[in-house]
Amino acid sequence: MSQQPSAAPAPATVTVARRRDWWRDAVIYQVYPRSFADSNGDGMGDLEGVRSRLPYLRDLGVDAVWLSPFYASPQADAGYDVADYRAVDPMFGNLLDADALIRDAHALGLRIIVDLVPNHSSDQHEWFKRALAEGPGSPSRDRYHFRPGKGENGELPPNDWESIFGGPAWTRVADGEWYLHLFAPEQPDFNWEHPAVGDEFRSILRFWLDMGVDGFRIDVAHGLVKAEGLPDLGGADQLKLLGNDVMPFFDQDGVHDVYRQWRHVLDEYAGERIFVAEAWTPTVERTANYVRPDELHQAFNFQYLSTDWDAKELRAVIDRTLEAMRPVGAPATWVLSNHDVTRHATRFANPPGLGTQIRTAGDRELGLRRARAATLLMLALPGSAYVYQGEELGLPDVVDLPDEVRQDPAYFRGAGQDGFRDGCRVPIPWTREGSSYGFGPGGSWLPQPANWGELSIEAQTGVAGSTLELYRGALRVRREQADLGAGDAVEWLRAPEGVLAFRRGEFVCVANTSGESVTTPAYGRVLLASGELTEADGEAKLPADTTVWWTTA
């Protein structure tokens, strides 16, 4: 049953600055609630913990906070298996805590974006439990994808689709029918052809909009609509095709009708609320379909996230992104890390070509140097940028977690993605000392490394050259420089091999992705640099893996 506050909250007093089209150049900070801050000492982060740390995020210089799921959930997949979309899971608090968090954020000038999970529910959702109870042929089953099996006795799955987490995408129930789950068996997929599903989610949108949220990040935005008839895909190793081809269960054109309807709901509300799509598509051009003027506002740029630290490859994806977004009038987005991929400080510490799930620590010093340079490059590009909690500390992935503490459901299945997402979800350190380095008064739900205190916010605050102060400086300069932020183009400048150089008005960014020092023109006054450089006689010597911001004014 959905929670209800003891008294209906009055409309939130919004003191956040009402800058038009704020989302076109916003820096949005992702909070993974269970790993951000724990207020009650149970080892699990919660909404009150997030609320207590909002001043830190304001001072960091971000514009909005995206909260990963905190809904009522059995936690089979860290809250992405939702049992009640209008309730807060007790481990995170309650609706009054959510209301207080939204109000405090607005008072600090921060916007709040919440995660929405429309592709699937929990198997403990009332709809799914009713579908199981009522049996084959019942109207309740039509809200999900129930099918009879193949084979002489229906013992084979209805088609050959594989789960993203490994194994078949179908599970058989006691009465012999099978249901579809593109992720874990505890996450049955909704049937978006059924009108009740669309009605329910439009109601859910209004519930949270009435609570005062400023937008929604849409989980698996590309997955809602399946190809008619649920056709076989053919062959094994289907997961290798993800993000490289149109799949019968991903990126179907019918999803756009859903988002046009949602946009009508959103536009009923004042304050420029937004939608952000998590949409893995084969090309940036197909990603652009999600951000046409009557659909969503932003879509994550996974092509950029998965690009190696290589000037030629980066320039290509930057050009493709800007060219794809320009015709639909949407801002480009740039992201380096999130809760589903290895942190970029560890990805860049390893050889290129290993993908976004990496098990080895690599060269820590190299990885941090590249991560800092990559951050300045990202924040210099036109559009909006996303920062994942802890990356401003230069945190690496924790690659040596004992098997017995892992909780990623993909880890426990025989195939599928690697299942090592726990490494980027270890609670972040706030202080040098303490049982959980300031995460909370108790322990932490995943063990933290012994050196976590050295990387903490306390240890880096006010320390010249620290990664935290680099982020604070970069976000400050980004706000101060009129030529940074929103836009749809860069002017590329001649540069040595392995170097990216571009101009935006009076601003110039140069990123050296090579493994050697290079000499470039000194374009003016240095605003910020990810590493030390020397200047003489109108030239600048950039160390390996270093990015520099200049102003020509």
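On a predicted model such as this, the values are computed, not experimentally measured, just so you know. Along each chain, numbering runs from 1 in the same order as the chain's sequence is written. Two thresholds apply to this predicted model, a pLDDT of at least 70 for residue-level local features and 80 or more for giving and counting side-chain atom pairs, whereas whole-chain, interface and lining totals are computed over all residues. Excluded from the side-chain calculations are hydrogens and water; all other atoms, namely the structure's heavy atoms, are used.

## With respect to the confidence of the model for the protein chain
What counts, and what does not: pLDDT expresses how confident the predictor is about each individual residue, on a scale running from 0 to 100. By definition in these notes, contact holds between two residues if any of their heavy atoms fall within 4.5 Å.
Here the protein chain shows a mean pLDDT of 93. Residues at 70 or above account for 94%. In the predicted structure, residues 4-15 sits below a pLDDT of 50 and forms 17 contacts with residues beyond four places in sequence or in another chain.

## Observations concerning the sheet that holds strand β19 (residues 534-536)
Strand pairing in a sheet relies on backbone hydrogen bonds. The paired strands run either parallel or antiparallel. Worth spelling out the cut-off: Pairs of strands are assigned from DSSP output, requiring at least two bridges between the strands. In this text, helices come from DSSP runs of H or I with a minimum length of four residues, and strands from runs of E with a minimum of two, each type numbered from the N-terminal end. Axis lines are fitted through C-alpha atoms, for helices just across the contact stretch, and the angle between N-to-C directions can take any value from 0 to 180 degrees.
Strand order in the open sheet formed by three strands is β17-β20-β19, with antiparallel pairing between adjacent strands. Both edges of this open sheet fall to β17 (518-521) and β19, since each of them pairs with a single strand only. Ignoring strand direction, the axes of neighbouring strands in this sheet form an average angle of 25 degrees. Pairing geometry for β19 and strand β20 (residues 539-542), over three bridges, is antiparallel. Each bridged residue has a counterpart across the sheet, and for threonine 534 the counterpart in β20 is lysine 541.

## Comments concerning empty space enclosed by the protein
Using the following cut-off: Every definition here rests on a 1 Å grid over the protein atoms only: cavities are sets of points where a 1.4 Å probe fits but cannot get out, pockets are open sets enclosed by protein on both sides within 12 Å along at least five of seven lines, and lining residues have some atom within 4 Å of a point. Grid points are joined across faces, edges and corners, and a volume is the space filled by probe spheres set on the points. Residue type decides the class: Asp, Glu, Lys and Arg count as charged, Ala, Val, Leu, Ile, Met, Phe, Trp, Tyr, Cys and Pro as nonpolar, and the leftover types, Gly among them, as polar.
Inspection of every chain in the model, using the stated rule, returns seven cavities of 30 Å³ or more. Quantified by volume, the largest cavity comes out at close to 70 Å³. Lining the largest cavity are 13 residues, with His344, Ala345, Ala371, Glu391 and Gly394 sitting closest to its centre. Secondary-structure elements contributing two or more residues to the lining of the largest cavity are α10 (344-347), α11 (364-380) and α13 (467-480). In terms of residues, the lining of the largest cavity owes the most to one element, α11, which gives four residues. The residue inventory of the lining of the largest cavity, partitioned by class, reads five nonpolar, five polar and three charged.

## Some details on helix α3 (residues 95-107)
How we decide: One fewer than the residue count of a helix, multiplied by 1.5 Å, yields its expected span. Here the term buried applies to any residue with accessible area under 20% of the maximum for its type, exposed to any over 50%, and partly exposed to those in between, with areas from a 1.4 Å probe on protein chains only. Counted as a polar contact is a pair of N or O atoms within 3.5 Å, where, for protein atoms, one must be capable of donating a hydrogen and the other of accepting one, and residues adjacent in sequence contribute only when both atoms are in side chains.
Here α3 is 13 residues long and its end C-alpha atoms lie 18 Å apart, about the 18 Å a rise of 1.5 Å per residue gives. All buried positions along α3 are accounted for by Leu95, Ala98, Asp99, Ala100, Leu101, Ile102, Ala105 and His106. Buried residues along α3 sit in contact with α1 (47-52), α2 (54-60), β2 (64-67), β4 (84-88), β5 (111-116) and α5 (195-211). Backbone nitrogen of leucine 96 and a side-chain oxygen of the N-cap are separated by 3.0 Å at the start of α3; the cap is asparagine 94. Positive phi shows up at glycine 109, right after α3, with a value of about 85 degrees.

## Describing the packing of aromatic side chains
Formally: Planes of paired rings set the category: under 30 degrees apart is stacked, over 60 is edge-to-face and the rest tilted, where pairs are Phe, Tyr or Trp rings (Trp by its six-membered ring) whose centres lie within 6.5 Å. A ring is considered to have a charge above it if a Lys NZ or an Arg CZ atom is located within 6 Å of its centre and within 35 degrees of its normal.
One pass over the full model with this rule turns up 36 aromatic pairs. Their ring planes at 70 degrees and their centres at 6.2 Å tell us that tyrosine 29 and phenylalanine 36 sit as a pair that is edge-to-face. Phenylalanine 36 shares its class with tyrosine 29; the two are buried. With a centroid separation of 5.5 Å and an interplanar angle of 80 degrees, the aromatic rings of phenylalanine 190 and phenylalanine 201 are classed as edge-to-face. Of the two residues, phenylalanine 190 is situated in the loop between β8 (178-180) and α5 and phenylalanine 201 in helix α5; the sequence distance between them amounts to 11 residues. Overall, phenylalanine 201 belongs to the buried group, its relative accessible area being 0%. Sitting over the face of the ring of tryptophan 430, arginine 53 holds its NZ or CZ atom 4.0 Å from the ring centroid. One Lys or Arg, arginine 143, reaches over the ring of tryptophan 127 and ends 4.2 Å from the middle of that ring.

## Structural notes on α13
Taking 1.5 Å per residue as the helical rise, α13 with its 14 residues ought to reach 20 Å, and the 20 Å between its terminal C-alpha atoms agrees with that figure. With respect to burial, α13 is a largely interior element, 10 of its 14 residues being buried. Turning to α13, its buried residues are Thr467, Leu468, Leu470, Tyr471, Arg472, Gly473, Ala474, Leu475, Val477 and Arg478.

## Notes on the packing of α11 against α13
As a reminder, the rule being used: Any angle that falls under 35 degrees is termed roughly parallel, while one over 145 is termed roughly antiparallel, one within 65 to 115 roughly perpendicular, and all others oblique.
Packing of α11 against α13 leaves a shortest axis separation of 10 Å and a crossing angle of 10 degrees. With respect to α13, the axis of α11 lies roughly parallel. The residues of α13 that touch α11, namely those facing Leu368, Arg372, Thr375, Leu376 and Leu379, are Thr467, Leu470, Tyr471, Ala474, Leu475 and Arg478. Broken down by class, the residue content of the contact of α11 with α13 amounts to seven nonpolar, two polar and two charged.

## Focus: the side chain of threonine 307
Looking at the element boundaries, threonine 307 is found in the loop between α8 (302-305) and α9 (311-325). Only 2.7 Å separates the side chain of threonine 307 from the backbone oxygen of glutamine 303, close enough to count as a polar contact. Setting aside residues up to four positions removed in sequence, threonine 307 forms contacts with Glu313, Leu314, Val317 and Phe348.

## Description of the pairing of strand β16 (residues 507-512)
The buried count for β16 comes to six of six residues, which makes it a mostly enclosed element. By the alternation rule, side chains of β16 split into Phe507, Cys509 and Ala511 and Val508, Val510 and Asn512, which are all buried. Judged from the six bridges that link them, strand β15 (residues 499-504) and β16 form a sheet pairing that is antiparallel. Across the sheet, alanine 501 pairs through a bridge with valine 510, a residue of β16. Here β15 folds back onto β16 in antiparallel fashion, the turn holding two residues, of which glycine 505 has a positive phi close to 65 degrees. Sheet topology places β16 next to strand β21 (residues 546-551); six bridges connect them, and they run antiparallel.

## Side note on unusual backbone geometry
The residue alanine 78 is not glycine, and still its phi comes out positive at about 55 degrees. Along the polypeptide, alanine 78 turns up in the loop between β3 (71-72) and β4. Positive phi, close to 55 degrees, is recorded for aspartate 537, a residue that is not glycine. Position of aspartate 537 among the secondary structure elements: in the loop between β19 and β20. Assessed through its relative accessible area of 82%, aspartate 537 is described here as exposed.

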